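So the chains spell out like this:
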Amino acid sequence: MQVRRDVRLAELTTLRVGGPVERLVEVTDAEELVAAVREADEAGRPLLVLGGGSNIVAPDDGWPGDVVAVRSRGIDRDGSQLVVAAGHDWDELVAYTVAHDLAGVEALSGIPGSTGATPVQNVGAYGQEVAQTITAVRVYDRAEKSERTLSPQECGFAYRDSRLKRNPSRFVVLDVTFVLDESPLSRPVGYAELARTLGVELGESAPLADVREAVIALRRGKGMVLDADDPDSRSAGSFFTNPIVPSERAVAGCPSWPAGDGQVKLSAAWLVQHAGFGRGTRQGNVGTSSRHSLALTTAPGATAAELLDFAGRIVATVQGEFGVTLEREPTAVRP
Ligand SMILES: Cc1cc2nc3c(=O)[nH]c(=O)nc-3n(C[C@H](O)[C@H](O)[C@H](O)COP(=O)(O)OP(=O)(O)OC[C@H]3O[C@@H](n4cnc5c(N)ncnc54)[C@H](O)[C@@H]3O)c2cc1C
């Protein structure tokens with residue numbers, strides 16, 4: 001376990017905002033992770049558990065306590081089941097599954113961050129989400145001060161949400177179990193743009209490697225793959241989730257998808273764009289990506305306050321124009 005005191009949150013997060021960290025504790029296995037969390041809790045120091053920092057807006061004032069950076073690694077395979085350490089890089093895991101003919105997460109290629117963070121917001125893209133393949137999440141429960149294993153039902157997965165996200169200071173993910181299909185072919189392709197790119201019909205399969213390549217190319221075209229040379233990837237991915245509203249409140253002209261129970265999911269990108277915040281809209285050091293109106297990006301010198309102010313303007317304008325409330329996807333963490 002290594003402790004450092006010379007780090008700013010801006011260096012640990014993909015939006016590159018956030019002030020100094022009082023103590024950065026880097027842990028390399030589950031035992032160290034539990035020990036670091038227990039130590040912070042017993043000392044009463046504010047605790048932030050951090051993976052790749054790709055889904056948080058970090059405070060400008062920094063963190064007056066412990067930031068525990070999860071750097072554990074490892075994939076333990078037993079047939080179609082993989083138990084993966086929380087700190088394992090997510091995209092490395094996806095590459096491993098594709099190389100070993102394991103289907104189920106191929107459409108989630110190119111998403112930054114750690115495996116342990118994927119159940120937190122039920123990471124999803126291009127027609128797949130991790131709730132479809134996760135069978136167990138081993139956690140340290142800070143309320144009970146003990147380790148336990150959560151079933152998918154106990155995780156309460158929903159669209160870009162879970163019980164872990166709803167109780168941010170309770171559960172620390174130690175490892176995640178996935179059960180995949182032993183197949184060189186993908187699960188049925190569930191996203192029209194991806195199906196078109198692959199030249200297959202919706203619901204058909206394609207070779208895993210082709211799906212991975214197509215998804216990464218589509219993502220790269222939208223600035224949705226982390227790349228130090230791509231200013232559009234200085235983001236947290238999509239900044240707002242697609243709002244789910246009763247179908248009678250669908251917005252004329254806005255693309256929508258059935259969301260069950262008489263509800264529809266509206267395109268947040270369309271709402272943001274049609275509220276006057278199209279691609280490349282700038283406000284000081286922040287703005288919308290030049291290739292995707294849903295990704296908010298920062299330029300050097302940006303602050304979290306500036307970013308949240310801009311996001312607030314978007315929310316208020318969308319609310320005023322369309323009567324729909326946008327919800328933020330990344331967590332604005334606070335001590
Ligand atoms: C360019 C780009 C593209 C993206 N595209 C997508 C996408 O297509 N789909 C999607 O769903 N997301 C996307 N994201 C968001 C992000 O990559 C994912 O949410 C990812 O899972 C976050 O992982 P992380 O390790 O970086 O989490 P962090 O940002 O480090 O943490 C996010 C939250 O999870 C908590 N957390 C982290 N690790 C643990 C742990 N071990 N135990 C308990 N809590 C923990 C943190 O406290 C924080 O609240 C994108 C982000 C970027 C920058």
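The present account deals with the structure reproduced in this document. This one's a predicted model, so the numbers in the text were calculated from it and none came from an experiment.

About the cut-offs
Residue indices begin from 1 for each chain and proceed along its sequence in written order. It should be noted that, the model being predicted, local features are given only for residues of pLDDT at least 70 and side-chain atom pairs only at 80 or more, the latter also being counted only at that level, while totals for whole chains, interfaces and linings use all residues. Values shown for side chains rest on all heavy atoms present in the structure; no hydrogens or waters enter the calculation. Lining residues are defined by having an atom within 4 Å of a point belonging to a cavity or pocket. Those points lie on a 1 Å grid over the protein atoms alone, cavities being sets where a 1.4 Å probe fits but cannot get out and pockets being open sets with protein on both sides within 12 Å along at least five of seven lines. Grid points are joined across faces, edges and corners, and a volume is the space filled by probe spheres set on the points. Boundaries between domains were set according to an automatic or database domain assignment. For two strands to be treated as a pair, DSSP must find no fewer than two bridges joining them. Helix and strand definitions follow DSSP, with helices as H or I runs of at least four residues and strands as E runs of at least two, each counted in order from the N terminus. Interaxial angles span 0 to 180 degrees and are taken between N-to-C directions of axes, which are lines fitted to C-alpha atoms, for helices over the stretch in contact. We call two residues in contact whenever any of their non-hydrogen atoms come within 4.5 Å of each other. Exposed residues in this analysis have more than 50% of their type's maximum accessible area, buried residues have under 20%, and partly exposed residues fall in between, with area computed by a 1.4 Å probe over protein chains only.

Observations regarding the layout of surface pockets
Taken as a whole, the second largest pocket spans an internal volume of roughly 380 Å³. Composition of the lining of the second largest pocket by domain shows at least three residues from each of domain 1 (2–70) and domain 2 (75–219).

Focus: the sheet that holds strand 6 (residues 75–78)
Two modes of strand pairing occur in sheets, parallel and antiparallel, and in both the strands are linked by backbone hydrogen bonds. Sheet architecture is open: five strands sit in the order 6-7-13-11-12, paired in antiparallel fashion. Looking along the sheet, the strands with just one partner apiece sit at the ends: strand 6 and strand 12 (146–150). Mean inter-strand twist for the sheet, computed between neighbouring axes without regard to direction, equals 20°. Inspection of the sheet shows strand 6 paired to strand 7 (residues 81–85) by four bridges, in the antiparallel sense. The partner of Arg 77 across the bridge, within strand 7, is Leu 82. Relative to strand 13 (residues 171–179), helix 1 (residues 30–43) is tilted by about 155°, and along the sheet it contacts strand 11 (134–141), strand 12 and strand 13. Helix 2 (residues 90–99) contacts strand 6, strand 7 and strand 13 of the sheet and is inclined by roughly 160° relative to strand 7.

Here we look at the pairing of strand 5 (residues 63–70)
Of all eight residues making up strand 5, seven are buried, and the element is well covered by its neighbours. Here six bridges tie strand 2 (residues 21–27) to strand 5, and the two strands are oriented parallel to one another. Counterpart to Arg 23 in the pairing with strand 5 is Asp 66. Pairing between strand 3 (residues 47–50) and strand 5: four bridges, direction parallel.

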